[in-house]
Amino acid sequence: MEAGKRKTEEEQQTLVDRKRKAEISEPPPPTTTTTVTMNAVETLVTQIQGLSGSPNDVVALHAHLNKVDEALRGESARLLPFLDQLDPSIHSLGYLYLLDACTSGPVSKELAANLVLITSRFITSCSTEQIRLAPEKFTGMCKRFKDQVLLIEAPMRGVAPLLVAVRKVQPSSEHLTSLHPDFLQLCLLAKCYKTGLSLLEDDIFEVTQPRDLFLYCYYGGMICIGQKHFQKALELLHNVVTAPMTSINAIAVEAYKKYALVSLIDNGQFSPGLPKYASSSAQRNLKNFCQDNNLGLVKQVVSSMYKRNIQRLTQTYLTLSLQDIANTVQLNSAKEAEMHVLQMVVLPIQDGEIFATINQKDGMVRFLEDPEQYKSSGVIERIDSSIQRLMTLSKKLTNMDEQMSCDSLYLAKVNSKDNLAKENVSFLSLCWNIDK
Amino acid sequence: MDFTPLSNALTAKSYDKVADFCDELMLKAAAEGVPFQDEWPYAIHLLGYIYVNDVNSARFLWKSIPSTIKEGQQEVAAAWNIGQKLWTHDYSGVHEAVRHFDWSEQTRPLVAAFAEVYSQRIFRLLLSAYSTISIQDTALFLGMNEDDATKYVVGQGWILDSASQMLTVKKQAVAVEQKLDSDKLQRLTEYVFYLEH
């Protein structure tokens, strides 16, 4: 083994150039057996070092790596030391293949602890251009990284790396990747709700795997609940509950329970019916369930009931005494009623829920109209930006509609025999009219 | 562990950024597998969240702190005490929680800044929510004694009725900006064009 010798940079480069020229013209014999000698791995490492310079070289390297991938995985246990010879930021593609092969076999807890650190450093420092040549491999390796992090019971260790991984592998912030739900899952387990929220702020327009969207919306809904963004939680959970599915699954059931509870907290009401576009299996099965495992949400529902009832009073009364409020809403005292009203009042800067002033002298509350006259430039700015966003969204929808109208599967479904016959008749009648 | 961005923020009094820096540093440390819990400035982290009124995140952070630190480090427990009072809307309790602890040199400026911001927020709440309010309650809300509280609000234009011990709140007129620029006309044209097509 020549591990001890240190060649000069120049010597290494010439040697590598020669090897590279030799190997590209004559690739090493295909290994049909599942084992690979350590010499062959050494050679591979040198190749990686030589071929990671220019984009053309990297493409050639990629092709070669794909050929030896299967063989490498058979040797997963012995590949780890070779990673030290590579620089993850320069030799990212080669490093990825080796690391992926290392993690393809069963991983013990001790090995996991070691791998987690190596992988997290790789993700942070790897070159985005290089790993985008093999996105499925990168994604697969990151998912195994998440499993390892959970194995060593340290979810927080994976949060920052997975966020970096998502940004590196997604073509744009509008694309949903398979790593989105994994990242959100770790945020939930590590209680890093605020960090999870930052990813949920992106508007998603492109989805490849429906299952990814399903999980993304479920975990995303839970994170929004944790940060009390109930409106957004409802939107996300709604997607889970109305997703197309042939049979009911546990995630949909859980999502429905949370959906119901959040709906009660935020809107004060909940209608058990699902919209027509929900799958038929969902509609049949989700109506019967019992509340469990959602104690936190249930408590919030109870406390929100007071708010809801007070809000209803503002629609009927102009002024009301604190004692009457307490009686109607079933609070213990006028003072408690006062505290509840206080919590709900609009602050000039924060969003509140009612417009009211308390008159302690008389023990009365006066309910007011929303003073917003919608004349200020602040309001105009808000309306402007909403309209801009709607225009962009509308353009995207038009594009999607055009694309779908050309999709063969869709056309096949629409143009069944009957439809075709009807269309022919109407086309013919049109021709006759033109003739006349 | 390199706490430079955090110490810089504290020195520059950018208290609203403290929580974000703490989050970043904590996730970085976790990714490196560094066992950071023992030397982590949990008190400052909690106070950073409390300063920007993100009591939800403060709660989640408190839940993740190891119990040995919760019991051992009194300042951490004291910082959470403030958060707890905010969570339960115990307005006067917040002031007490701020005062009834001898804060360390590092945390004292942050706590003082929070107390200032909080008092202003409470004052604005009182302006919005009350037309008349007792001196006693005003003092409790603002965390002052009754004389100081009265002096302060009278200085803001409130009217004192000593007979009934009541204060009448003076509402502040909200200045509303109403001027329109010419580029708004441009935008209106765009919208009409869009709607027509």
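Residues numbered from 1 in each chain as written. Chains lettered and ligands numbered in written order. Predicted model: local features only at pLDDT ≥ 70, side-chain atom pairs only at ≥ 80, totals over all residues. Heavy atoms only, no water.

As recorded in an unreviewed UniProt entry, chain B goes by CSN8/PSMD8/EIF3K domain-containing protein and comes from Linum tenue.

An unreviewed UniProt entry lists chain A under the name COP9 signalosome complex subunit 3, from Linum tenue. Recorded under Sequence similarities (unreviewed entry), the UniProt text for chain A is reproduced unchanged: "Belongs to the CSN3 family." (UniProt positions renumbered as here; feature names shortened; annotations may be inferred.)

Visitor: Help me understand the sheet that holds strand S5 (residues 364–367) of chain A in this model?
Guide: Strands in a sheet are paired, the pairing made by backbone hydrogen bonds, and the direction either parallel or antiparallel. What the six strands build is an open sheet, ordered S3(A)-S5(A)-S4(A)-S1(B)-S3(B)-S2(B); its pairing is mixed. Strands with a single pairing partner mark the edges of an open sheet, and in this sheet they are strand S3 (319–321) of chain A together with strand S2 (159–161) of chain B. Strand-to-strand twist in this sheet, taken as the mean axis angle between neighbours without regard to direction, amounts to 25°. One ladder, built from three bridges, connects S2(B) with strand S3 (residues 166–168) of chain B; its direction is antiparallel. (Pairing = 2+ DSSP bridges. Helix = DSSP H or I, 4+ residues; strand = E, 2+ residues; numbered from the N terminus. Axes fitted to C-alpha atoms, helices over the stretch in contact; angles between N-to-C directions.)

Visitor: Sorry, what's going on with the interface of chain A and chain B here?
Guide: Every contact between the two is made by 44 residues of chain A and, on the other side, 45 residues of chain B. Here chain A meets chain B over a buried area of about 3,800 Å², counting both sides, of which 57% is carbon and sulfur. Per-residue buried area on chain A facing chain B is highest for Lys194(A), Leu342(A) and Gln360(A); these three make up 15% of the total on that side. At the surface where chain A touches chain B, the tally comes to six salt bridges. When the shortest N-O distance is used, the salt bridge between Lys335(A) and Asp137(B) registers 2.8 Å. Those elements that provide at least two residues to the side of chain A that touches chain B are helix H5 (109–125), helix H8 (156–169), helix H10 (193–200), helix H17 (334–344), strand S4 (356–359) and helix H18 (377–405) of chain A. Considering each element in turn, the side of chain A that touches chain B owes the most residues, nine residues, to H18(A). Looking at the side of chain A that touches chain B, its residues break down into 20 nonpolar, 13 polar and 11 charged. (Contact = heavy atoms within 4.5 Å. Buried area = accessible area lost by both parts, 1.4 Å probe. Salt bridge = Lys/Arg side-chain N within 4 Å of Asp/Glu carboxyl O. Nonpolar A, V, L, I, M, F, W, Y, C, P; charged D, E, K, R; others polar.)

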